[in-house]
Structures are given as C-alpha cells and as structure tokens.
Amino acid sequence: MSVVIGSVPYLNEKPLTRWFTHTEEGRASGIEVVYAVPSQLAVMLKSGEIAAALVSSFEYFRTPGYGILPGVSISSQDEILAVRAFSRLPWKLTTSVALDTSSLTSVALLKILLAEQHHIYPSYLHHAPDLPAMLEVADAALLIGDKGMLANNEGLFTLDLGEAWRKLTGLPFVFAIWLGDPDRVTPDLIRALKTAKAWGLTQLDLIAEEQAEVLNCPKSLCLRYLTEIMDYDLGEDHLAALEEFGLRARRVGLLDQAPAPLHVLSSRR
Ligand SMILES: C=C(O[C@@H]1C=C(C(=O)O)C=C[C@H]1O)C(=O)O
C-alpha cells in the first residue's frame, strides 16, 4: 500500500521531492507526494489524510503530538528572498498588514518581527496572495513562496523575514520541516526523505532550468535561490532556532501554552 505525504507547491521544495517521481528507486518506494499550500497541508496532516508533510514549522507548536522528521528542512541562514513583507509606508507608520493565507510560519514570524524589532502592532487580515489587491486593503502585505520571490517591490518598503530574524537573533530560520504522527512515520519514510534530499541536491542546475521556464523568470535567479539562499539541513543550530521561534511566538501571544519541547524522531526505531 502506498504512503501519501504532502509538500508545498514552490520552487524551494523541488530538490526534496523530485526523487520520488524522477528516479526508479523513488517511484518504487511506495511513497506518493501530493502538493498543497502550507496552511492546507496542515489541515490535511491533522485529518490524517497524509502521513507526513513538509509543512510550516509553526504547525509543530500550534498542534500538539507531531514528531519532527530528522535531517531535512526549508531554512535560511540569512536573507530568504521569497518570504517578504512589502509596505507602502515606512514600517513605523504601517497600521495594517494583509497576510498570505497560504502561510502559517511566516505570518507568525512577521508578527514577532514587527513587535520585537519594529515595535509596531498593526491590525492583521488574511488575504489570498495577490500583492496589488492586498495593498488596496492594507498598508502592507506578506507573501511567501514563488510569489514572494517574484513580487515587484518597486516603490515599496521591503522586509526580508529571514534577514530580519538573523539580525534580531543571530540564528538561522526554519520555515518548514517534515512533520508527522509518530505512530505513522516509519524509519523507511525517514530514510527515503533523506535519500531524496541527497539526490535532489545533485539536480539543482536542472531544477533551476526547468523551473525558470515554469515561473517565467531568469534561470540565474532560480539557481541563486536554490544554491545560495536555501538551507535544507536540520542541525543543532536549526533546532536552537526553532526553539527560539517557539519562545518568541509565545512571548508575543501567538501560542496559548509554552512551546512543546522538540520531538525529533529517530530513523533507527
Ligand atoms: C521559505 C519558504 O518557506 C515556506 C513558508 C511557510 C510558511 O510561511 O508557513 C511554509 C512552508 C515553506 O514553503 C517559502 O515558501 O517561501
């Protein structure tokens, strides 16, 4: 029987799941990947429709009981390029922000950054990711994924959330991790995801070429994003960053309880 897992429909995840469709071993793994925006993946994971998902890291703190699959993430060491907030006004004068309905993590991260770095508490509303439409109903807008990377920010004050987090904390930022019900995540699945990542990282040039065509953007931009911006690891500093994210989310009132300790699953069960 095949295992169904979910991932995001963005350029950044391509190196992590391409193995399942583009290699014989991957196709024979019995693992099928379905795609949905992060907020939708969180719903699918919670309902049990999928066994694991490469989903917003914030979901780990929001919904108790998940395990973190080791070794893989979507992170940045500094600038993230795709997760950006755009304001028509200087940040200190910004009073309303439209948030991309696809996102959970970056929504929380932006609220932390505006409170703790810019000391502003604007009103927030949720909106489909469409920059001009968002800026018609709010002073500022948050976008993630390919739309965030490709948005035209001419004349707008732009905040790169990865860069801002690095400035605030000195840490990398973990946007997405593989989460799953510990009872349904098998060592085989963990191993397959690590294999997929290792293989995917050998395909970056090809992925950049293909996706530049799909996204109608320069290949050099896709390649820079995949090779210089994206950090796919989940090491000690990433886990420390996740803990810090949970603590700050709690501090600014985004969590009802203290963040759960990180439960990283082992591939050796
Ligand atoms: C860096 C990114 O990470 C994403 C951001 C997420 C979020 O904000 O909830 C979730 C998954 C990742 O795809 C991005 O897609 O731009």
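Residues numbered from 1 in each chain as written. Predicted model: local features only at pLDDT ≥ 70, side-chain atom pairs only at ≥ 80, totals over all residues. Heavy atoms only, no water.

Enquirer: Just checking my understanding: could you explain the packing of helix α1 (residues 14-22) against helix α10 (residues 204-215) for this structure?
Expert: Two elements in contact, α1 and α10, have axes separated by 11 Å at closest approach and are oriented at 95°. Comparing their axes, α10 and α1 come out roughly perpendicular. In this structure, α1 uses Lys14, Pro15 and Arg18 to contact α10, whose residues at the interface are Leu204, Leu206, Ile207, Glu210 and Gln211. Among the residues making up the contact of α1 with α10, the classes are represented as 4 nonpolar, 1 polar and 3 charged. (Axes fitted to C-alpha atoms, helices over the stretch in contact; angles between N-to-C directions. Helix = DSSP H or I, 4+ residues; strand = E, 2+ residues; numbered from the N terminus. Parallel < 35°, antiparallel > 145°, perpendicular 65-115°, else oblique. Contact = heavy atoms within 4.5 Å. Nonpolar A, V, L, I, M, F, W, Y, C, P; charged D, E, K, R; others polar.)

Enquirer: It is not clear to me how the nonpolar core should be interpreted in this structure. Could you clarify?
Expert: The nonpolar side chains of a soluble globular protein tend to be buried, and buried together. Ile5, Phe20, Leu110, Leu161 and Phe245 are the most contacted members of the largest nonpolar core, which has 87 residues in total. Here this core gathers at least three residues from each of two domains, domain 1 (3-77 + 172-251) and domain 2 (84-169). Beyond its immediate sequence surroundings of up to four residues, phenylalanine 245 is in contact with Ser57, Phe58, Phe61, Thr105, Ala108, Leu109, Ile112, Trp165 and Phe173. Within the second largest apolar cluster, 10 residues are counted, among which are Phe86, Leu131, Ala138 and Leu143. (Core = buried A, V, L, I, M, F, W, Y, C linked by side-chain atoms within 4.5 Å. Buried < 20%, exposed > 50% of the residue type's maximum accessible area, 1.4 Å probe, protein only. Domains from an automatic or database assignment.)

Enquirer: Any chance you could explain the pattern of salt bridges here in plain terms?
Expert: Oppositely charged side chains can form a pair if their charged atoms are brought close together. On inspection of all chains with the given rule, the structure shows 13 salt bridges. Between glutamate 228 and arginine 224 there is a salt bridge, with its nearest N and O atoms 3.8 Å apart. With glutamate 228 and arginine 224 both in helix α11 (residues 219-229), this residue pair falls 4 residues apart, about one helical turn. Glutamate 228 gets classed as exposed once you look at its relative accessible area, which sits at 59%. Counted as one network, the salt bridges with shared partners bring together Glu116, Glu244, Arg248 and Arg251. (Salt bridge = Lys/Arg side-chain N within 4 Å of Asp/Glu carboxyl O.)

Enquirer: Is there a simple way to explain the domain arrangement of the protein chain in this structure?
Expert: Buried accessible area, meaning the area lost when the parts come together, often serves as the stated size of an interface. The domains assigned to the protein chain are domain 1 (3-77 + 172-251) and domain 2 (84-169). On a C-alpha basis, the centroid separation for the pair domain 1 and domain 2 is 23 Å. Contacts between domain 1 and domain 2 engage 28 residues on the former and 20 residues on the latter. Here domain 1 and domain 2 share an interface that buries about 2,000 Å² over both sides, 66% of which is from carbon and sulfur atoms. It is Tyr10, Phe173 and Arg248 that lose the most area in domain 1 upon contact with domain 2, and together they represent 26% of the buried surface on that side. Counting every contact that joins domain 1 to domain 2 gives 2 salt bridges. Joining domain 1 to domain 2, the criterion identifies 10 residue pairs in polar contact (both at pLDDT 80 or more). Breaking the side of domain 1 that touches domain 2 down by element, the ones donating at least two residues are α3 (38-47), α4 (58-62), β10 (173-180), α11 and α12 (236-251). When residues in the side of domain 1 that touches domain 2 are grouped by element, the largest group, 6 residues, is from α12. Classifying every residue of the side of domain 1 that touches domain 2 by side-chain character gives 18 nonpolar, 5 polar and 5 charged. (Buried area = accessible area lost by both parts, 1.4 Å probe. Polar contact = N/O pair within 3.5 Å; in protein donor to acceptor, adjacent residues only side chain to side chain.)

Enquirer: Could you clarify how one ought to interpret the sheet that holds strand β3 (residues 52-56) in this entry?
Expert: The strands making up a sheet associate through hydrogen bonds between their backbones, and the pairing can be parallel or antiparallel. Pairing in this open sheet of 6 strands is mixed, and the strands run β2-β1-β3-β10-β4-β11 from one edge to the other. Strand pairing shows two members of the sheet lacking a second neighbour, β2 (31-35) and β11 (230-231), which therefore form its edges. Judged from the 6 bridges that link them, strand β4 (residues 67-76) and β10 form a sheet pairing that is antiparallel. When the sheet's bridge partners are listed, glycine 67 is paired in β10 with glycine 180. Here helix α9 (residues 187-200) sits on the sheet in contact with β1 (3-7), β2, β3, β4 and β10, set at roughly 20° to β4. Those strands touched by α12 are β4, β10 and β11, and its axis lies near 95° from that of β10. (Pairing = 2+ DSSP bridges.)

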